[in-house]
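An overview of the molecular structure
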Amino acid sequence: HCLAVRAVCQREIDCDRGNGYSWKITLLRNYWKSKVKQEWLSGKYSNIPSQFSLPEKSMYPMDVDTWGEILEAELER
């Protein structure tokens, strides 16, 4: 699980590990974020008609760098 989460959230995982968090805590801190981020990066929400079309779990608190990655992926589509 840790490697799958790291594949999507490498910066976040490396930062947490660098700050001394155990793998268990790092996984707990980043698991749901990686799921939501992967859906956004894969283009699942590229052509939604309105914010009301988004599933409730499609949002997760993410930093500006993460949203930048998502925006770059959208611009490349």
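What counts, and where the lines are drawn
- Residues numbered from 1 in each chain as written.
- Predicted model: local features only at pLDDT ≥ 70, side-chain atom pairs only at ≥ 80, totals over all residues.
- Heavy atoms only, no water.
- Salt bridge = Lys/Arg side-chain N within 4 Å of Asp/Glu carboxyl O.
- Buried < 20%, exposed > 50% of the residue type's maximum accessible area, 1.4 Å probe, protein only.
- Helix = DSSP H or I, 4+ residues; strand = E, 2+ residues; numbered from the N terminus.
- Core = buried A, V, L, I, M, F, W, Y, C linked by side-chain atoms within 4.5 Å.
- Contact = heavy atoms within 4.5 Å.
- Disulfide = S-S within 2.5 Å.
- Phe/Tyr/Trp six-rings, centres within 6.5 Å; stacked < 30°, edge-to-face > 60°.
- Lys NZ or Arg CZ within 6 Å of the ring centre and 35° of its normal.

- In the annotation of an unreviewed UniProt entry, the entry for the protein reads FBX48 protein, and the organism field reads Sinosuthora webbiana.

1. Description of the pattern of salt bridges
- Tallied over the entire structure, the rule returns 10 salt bridges.
- Residue Glu12 is joined to Arg11 by a salt bridge in which the shortest nitrogen-to-oxygen separation is 3.6 Å.
- Judged by its relative accessible area of 33%, Arg11 falls in the partly exposed class.
- Between Glu12 and Lys37 there is a salt bridge, with the nearest N and O atoms lying 3.7 Å from each other. Taken together, the residues Glu12 in helix H2 (residues 10-18) and Lys37 in helix H3 (residues 23-41) connect sequence positions 25 residues apart. The burial state of Glu12 is the same as that of Lys37; both residues are buried.
- Where salt bridges share partners, they join Arg11, Glu12, Lys33, Lys37, Asp63 and Glu69 into one cluster.

2. Considerations on the nonpolar core
- If you look at the biggest cluster of nonpolar residues, it comprises six residues: Val36, Trp40, Tyr45, Leu54, Met62 and Ile70.
- The contacts of Leu54, once residues within four sequence positions are left out, are Trp40, Tyr45, Ile48 and Met59.

3. A closer look at the environment of Val36
- Checked against the element boundaries, Val36 lands in helix H3.
- Along the chain, Val36 and Gln51 lie 15 residues apart, while their C-alpha atoms are 15 Å from each other.

4. A look at the state of the cysteines
- Under the counting rule described, the total for this entry stands at zero disulfides.
- Free cysteine: Cys9, not disulfide-bonded; nearest cysteine sulfur from Cys15 at 12 Å.

5. Observations regarding the packing of aromatic side chains
- Taken as a whole and assessed by the stated rule, the structure comprises three aromatic pairs.
- Judged by centre distance (5.3 Å) and plane angle (80°), the rings of Tyr31 and Trp32 are edge-to-face.
- Exposure remark for Tyr31: the relative accessible area of 26% places this residue in the partly exposed category.
- For Trp32, a relative accessible area of 52% translates into the label exposed.
- On the basis of an interplanar angle of 50° and a centroid distance of 4.9 Å, the ring pair of Trp40 and Tyr45 is categorised as tilted. In this pair, the class of Trp40 matches that of Tyr45, namely buried.
- Each residue in the set Trp40, Tyr45 and Trp67 is aromatic and connected to the rest through ring pairs, giving one cluster.
- The ring of Tyr21 has Arg29 lying over it, and the distance from NZ or CZ to the ring centre is 4.5 Å.

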